[in-house]
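# Residue-level structure breakdown
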Amino acid sequence: MDINRLNKIRRDFVANVSHELKTPATSLQLLADSLVETLDDDPEQARVFASQLKSETGRLSRLITDLLDLARLESEEGVTNPKPVDVRSVLMVVLSRMRQTARHKDISLLWRRYGESALYTIEGDETQLTSMFTNLVDNAVKYTPPGGRIEVTGSSDGEEIEVRVADTGIGVPQEKLPRLFERFYRVDKARSKETGGTGLGLSIVRHVAENHGGRVTVESTPGEGSTFTVYLPCT
Ligand SMILES: Nc1ncnc2c1ncn2[C@@H]1O[C@H](COP(=O)(O)OP(=O)(O)OP(=O)(O)O)[C@@H](O)[C@H]1O
Ligand SMILES: [Mg+2]
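Residues numbered from 1 in each chain as written. Chains lettered and ligands numbered in written order. Predicted model: local features only at pLDDT ≥ 70, side-chain atom pairs only at ≥ 80, totals over all residues.

Let's shift gears to the overall build of the protein chain. Regarding its fold elements, the protein chain presents six helices and seven strands. Sequence-ordered secondary structure for the protein chain, helices as α and strands as β, is α-α-β-α-β-β-α-β-β-α-α-β-β. Taken along the three principal axes of its C-alpha coordinates, the protein chain extends 65 × 50 × 35 Å. The buried share of the protein chain, taken over its 235 residues, is 29%. In the protein chain, the proportion of contacts linking residues at least 24 apart, taken out of those at least 6 apart, comes to 72%. (Helix = DSSP H or I, 4+ residues; strand = E, 2+ residues; numbered from the N terminus. Buried ≥ 20, exposed ≤ 12 C-beta atoms within 10 Å, placed from the backbone. Contact = placed C-beta atoms within 7 Å.)

Here it is as structure tokens:
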């Protein structure tokens, strides 16, 4: 890649990060001011500001964590210290963590495995893989209306592991699919603000897959659902 293009990417990144940090920082300041002003005369209202302050702080700290994860992933070529990881048990942990949130939204979360469990071991980084699958299942839950269904399917032939996360959610219009894995890209900025998204999840997913010599693809139909598929080579 030529140096001018690299510099432009870097400038865009700094501009994006500054913009994304500025929004929660401004609202923290406003909320803190409002809290101070209402504390004596209107404790009821002060309580409301305090709780908003808490949720905005959470948002800001999630954003910073994601940015740090991404910066670390991007600076690594491949996986620095690969160890044998059982992808199936990583998925089990992720699914059991997400089950509660799914149930809360009345979404069924199903797991299906094809191929011997022994075929699910790869050389990799367990933390990265956990974060990749968490992001995919988190999206599926977030972008699927109540009553929907998420199916996670694993299959392996010993050469390659394929993990599909399929939901019956809102889907993504065809023309938006090519940009989906870019940092900070959100299909609907206004709606994402409500759900607390920063648009970094899928770029983390793509980096983890590529660091493991694999890749990720997406198929989607608006109003019907989306399927994200991760392919990971076994050796
Ligand atoms: N399963 C899905 N169904 C529908 N739209 C999705 C799905 N997964 C991702 N998207 C769209 O892709 C965008 C980018 O996803 P990504 O995970 O990168 O960001 P996010 O979920 O908005 O924020 P976060 O950084 O918290 O993950 C989302 O804003 C959403 O519009
Ligand atoms: Mg996400």
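A few words now on the packing of helix H3 (residues 87–104) against helix H4 (residues 126–142). Axis angle and axis distance: for two packed helices, these are the angle between their axes and the distance between the axes, and together they describe the pair. Where H3 meets H4, the axes come as close as 9 Å, and the angle between the chain directions of the two elements is 35°. Seen along the crossing, H3 lies across H4 with a hand that is right-handed. Counting all contacts with H3, which are made through Val87, Val90, Leu91, Val93, Val94, Leu95, Met98, Thr101 and Ala102, the residues of H4 involved are Glu126, Leu129, Thr130, Phe133, Thr134, Val137, Asp138 and Val141. Here the contact of H3 with H4 is built from residues that sort into twelve nonpolar, three polar and two charged. (Axes fitted to C-alpha atoms, helices over the stretch in contact; angles between N-to-C directions. Left-handed = near helix turned anticlockwise from the far one by under 90°. Nonpolar A, V, L, I, M, F, W, Y, C, P; charged D, E, K, R; others polar.)

Quick look at the site of ligand 1 now. The immediate surroundings of ligand 1 are formed by 23 residues, with Asn139, Tyr143, Val187, Gly197 and Gly201 found nearest. Those elements giving two or more residues to the shell around ligand 1 turn out to be H4 and helix H6 (201–211). The element best represented in the shell around ligand 1 is H4, accounting for three residues. Considered class by class, the residues forming the shell around ligand 1 number nine nonpolar, ten polar and four charged. (Near = placed C-beta within 6 Å.)

This part covers helix H2 (residues 43–75). An α-helix turns once every 3.6 residues. As a result, residues three or four positions apart point the same way. Look at H2: 48 Å from first C-alpha to last across 33 residues, which is about the 48 Å you get at 1.5 Å a residue. For H2, every residue scored as buried is listed here: Phe49, Glu56, Leu63, Asp66 and Leu73. Looking at the buried positions of H2, the neighbouring elements they touch are helix H1 (3–38), H4 and H6. (Expected span 1.5 Å × (residues − 1).)

So, on to the sheet that holds strand E6 (residues 215–221). Strand order in the open sheet made by the five strands is E2-E4-E5-E7-E6, with mixed pairing throughout. Edge strands, defined here as strands with exactly one partner in the open sheet, are strand E2 (108–114) and E6. On average, each strand axis in the sheet is tilted by 10° relative to the strand beside it, whichever way the strands run. H4 contacts strand E4 (149–156), strand E5 (160–167) and strand E7 (225–233) of the sheet and is inclined by roughly 20° relative to E5. In the packing of H6 onto the sheet, the strands contacted are E6 and E7, and the crossing angle to E6 comes to about 140°. (Pairing = 2+ DSSP bridges.)

Note on soluble globular proteins: their nonpolar side chains tend to be buried together. If you look at the biggest cluster of nonpolar residues, it comprises 37 residues, and the most contacted ones within it are Val87, Met132, Phe133, Leu136, Val137, Val165 and Val205. Broken down by secondary-structure element, the contributors of at least two residues to this core are H3, H4, E4, E5, H6 and E7. At seven residues, H4 tops the list of elements feeding residues into this core. Other than its neighbours up to four places away in sequence, Val137 contacts Val94, Leu95, Met98, Val152 and Val165. (Core = buried A, V, L, I, M, F, W, Y, C linked by C-beta atoms within 7 Å.)

For the pair H1 and H2, the least separation of the axes is 9 Å and the interaxial angle reads 160°. As judged from the angle between their axes, H1 and H2 are roughly antiparallel. Where H1 crosses over H2, the two elements pack in a sense that is left-handed. Where H1 abuts H2, its residues Val17, Glu20, Leu21, Pro24, Ser27, Leu28, Leu31, Ala32, Ser34, Leu35 and Thr38 lie against Gln45, Ala46, Phe49, Ala50, Gln52, Leu53, Glu56, Thr57, Arg59, Leu60, Leu63 and Leu67. Of the residues assigned to the contact of H1 with H2, the class counts are 14 nonpolar, six polar and three charged. (Parallel < 35°, antiparallel > 145°, perpendicular 65-115°, else oblique.)

Of note in this structure, Asp106 is not a glycine but carries a positive phi near 60°. By the element assignment, Asp106 lies in the loop between H3 and E2. Residue Asp106 is classed as exposed on the basis of its 10 C-beta neighbours within 10 Å.

Turning next to the domain arrangement of the protein chain. When cut into domains, the protein chain gives domain 1 (3–75) and domain 2 (83–233). Here the C-alpha centroids of domain 1 and domain 2 sit 26 Å apart. Taken together, the contacts link eleven residues of domain 1 with twelve residues of domain 2. Going through the elements one at a time, H1 and H2 are the ones with two or more residues in the side of domain 1 that touches domain 2. Sort the elements by how many residues they give to the side of domain 1 that touches domain 2 and H2 lands first, with nine residues. Considered class by class, the residues forming the side of domain 1 that touches domain 2 number four nonpolar, one polar and six charged. (Domains from an automatic or database assignment.)

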